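The primary structure of each chain is shown beneath.
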Amino acid sequence: MKRQLNLGIRRSGAVRRAGAALALTALTLPLTVAFGSTAQAATASSCTASRGPYQKQAEKFLGLPVDGRQSAADCRAIRAFQTSHGITPNIGYAGPVTWGVMGVVAQQKAAGSNPNKARKCPTNKGRIACVDLTRQLSWIQDGSKLVFGPVPIRSGRDGYETRTGAKKIYWRNLHHVSTIYDVPMPYSQFFDGGQAFHSISGSVWSAPGSHGCVNMRSNDAKKYWSLLKNGDDVYVYGRKSGT
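Residues numbered from 1 in each chain as written. Predicted model: local features only at pLDDT ≥ 70, side-chain atom pairs only at ≥ 80, totals over all residues. Heavy atoms only, no water.

1. What about the sheet that holds strand β6 (residues 184–192)?
The condition that has to hold: Two strands make a pair as long as DSSP finds a minimum of two bridges between them. Under the scheme used here, helices are H or I runs from DSSP no shorter than 4 residues and strands are E runs no shorter than 2 residues, and both carry numbers assigned from the N terminus. For helices, the axis comes from a line fit to the C-alpha atoms of the stretch in contact; other axes are also lines fit to C-alpha atoms, and the angle between any two N-to-C directions lies between 0 and 180 degrees.
Read across the sheet, four strands follow the order β5-β6-β7-β8 without closing on themselves; strand pairing throughout is mixed. With partners counted over all chains shown, the strands left at the sheet margins are β5 (171–177) and β8 (214–216), one partner each. In this sheet, neighbouring strand axes are inclined to one another by 20° on average, regardless of whether the strands run parallel or antiparallel. Pairing of β6 with strand β7 (residues 195–199), which is carried by three bridges, proceeds in the antiparallel orientation.

Next comes the structure, spelled out in structure tokens:
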């Protein structure tokens, strides 16, 4: 990761200077979770009639009649959730991956407007970006004031875990491209070696996770770019399920 960062610095000095002048003023709403529609769920794959091992749990989560039997309506609702959260195959089967994402989404919704209720992220540092790996959430605090978020994130997968502890943003690159994986990393803000906040084009809920970076939706990454600067604190804590 360090090799990636060093090469990126040499290649993009001009872009970095241009990016430093960027000012984004558009506000993004706090985390909301949309289950999508049946139109979103329309795919070439057929809807399964099979009952999944987490059928009742999925029915309860989605506000469906809880009977543990797979109906056409159940399958359409489960498939809509799978489609909107990047779960494949999206055939309406209530398996462990789907239920795992539902559990994370439930925790994210429960965070509401007080994600630091447990006071695990320090608030005595001024502006700080908090990252909760357990709930796959991030937000920005300024003392006791919630400045932005919480928003869903995707952290490192097993073997590439996002490292925990107190960090600081030390380098930003608006149009960064990974020199290891050759993929775009827009709105990159590096805080620990090669680990950074940045946006992705896919779903932040999709498995298995990143190579250590904190992946964000595009609008959320843009807002982080406008609110944070070099030297700002970052605090990462918790543990992602499966790592």
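2. Things to note about the environment of A94
Inclusion rule: Throughout this description, buried means an accessible area under 20% of the type-specific maximum (1.4 Å probe, protein chains only), exposed means over 50%, and partly exposed covers the range between. Between two residues, a contact is recorded if the distance between any of their heavy atoms is within 4.5 Å.
Mapped onto the fold, A94 is located in the loop between α4 (72–84) and α5 (96–111). What makes A94 buried here is its relative accessible area of 0%. C-alpha of A94 to C-alpha of I78: the two residues are 16 residues apart in sequence and 7.1 Å apart in space. Those residues within four positions of A94 in sequence are excluded, and the remaining contacts are G52, P53, Y54, Q55, A58 and I78.

3. Observations regarding the environment of F81
When you line up the elements, F81 lands in helix α4. Taking the C-alpha atoms as reference, F81 lies 9.9 Å from A58; in sequence the two are 23 residues apart.

4. A short note on a nonpolar patch on the surface
The condition is simple: Candidate patch residues must exceed 30% relative accessible area and have no salt bridge, after which like charges are joined if within 9 Å and Val, Leu, Ile, Met, Phe, Trp or Tyr side chains if within 5 Å. Using the Shrake-Rupley algorithm and a 1.4 Å probe, accessible areas are obtained, with residue cover drawn only from the displayed protein chains. Salt-bridge detection follows one rule: a side-chain nitrogen of Lys or Arg within 4 Å of a carboxyl oxygen of Asp or Glu.
Together, Y160, I180, Y181 and V183 make up a nonpolar patch on the protein surface, roughly 330 Å² of accessible area in all. With respect to the helices and strands, V183 occurs in the loop between β5 and β6.

5. Details of the packing of aromatic side chains
Inclusion rule: Classification of ring pairs rests on two measures: the distance between centres of Phe, Tyr or Trp rings, Trp counted by its six-membered ring, which must be within 6.5 Å, and the angle between planes, read as stacked under 30 degrees, edge-to-face over 60 and tilted in between. Geometrically, a charge over a ring is one whose NZ (Lys) or CZ (Arg) sits within 6 Å of the ring centre while staying within 35 degrees of the ring normal.
Taken as a whole, this structure holds eight aromatic pairs when the rule is applied. Measuring from ring centre to ring centre gives 5.2 Å for F197 and Y224, while their planes differ by 65°; the resulting arrangement is edge-to-face. Pair noted here: F197 is in strand β7 and Y224 is in helix α6 (residues 218–227), with a separation of 27 residues, a long-range link. By relative accessible area, which is 1% here, F197 ends up buried. The structure contains a cluster of three or more aromatic residues connected by ring pairs, namely F148, F191, F197 and Y224. Over the ring of W225 we find R172, and its NZ or CZ is 4.0 Å from the ring centre.

6. Some thoughts on the pairing of β6
Counted residue by residue, β6 has seven buried out of nine residues, so it is predominantly covered. In this sheet, β6 lies alongside β5 in antiparallel orientation, the contact comprising six bridges. Of the residues in β6, the one forming a bridge with W171 is F190. The antiparallel hairpin formed by β6 and β7 contains two residues in its connecting segment, where G193 sits at a positive phi of about 60°.

7. A short note on α4
Rules: Any helix carries an expected span of 1.5 Å times its number of residues minus one.
Between its terminal C-alpha atoms α4 stretches 18 Å, which fits the 18 Å expected from 13 residues at 1.5 Å a residue. Listed as buried for α4 are D74, C75, I78, R79, A80, F81 and Q82. In this structure, the buried side of α4 is in contact with α3 (55–61) and α5. Looking at the residues trailing α4, positive phi occurs at G86, about 70°.

8. Describing the pairing of β7
Most of β7 is tucked away, with five of its five residues classed as buried. Of the two faces of β7, the one holding Q195, F197 and S199 and the one holding A196 and H198 are both buried throughout.

9. Concerning unusual backbone geometry
In this model, T88 is joined to P89 through a cis peptide bond whose omega is -5°. When you line up the elements, P89 lands in the loop between α4 and α5. The omega torsion of the bond from G149 to P150 falls at 5°, within 30 degrees of zero and hence cis. Topologically, P150 is positioned in strand β3 (residues 145–152). Positive phi, normally seen in glycine, also occurs at R119, with a value near 60°. Summarising the element assignment, R119 is placed in the loop between α5 and β1 (127–132). On the basis of relative accessibility, which here comes to 73%, the residue R119 falls in the exposed class. The backbone phi angle of Q136 is positive, close to 50°, even though this residue is not glycine. A relative accessible area of 6% means that Q136 is categorised as buried.

Coordinates in, geometry out; function isn't part of it.
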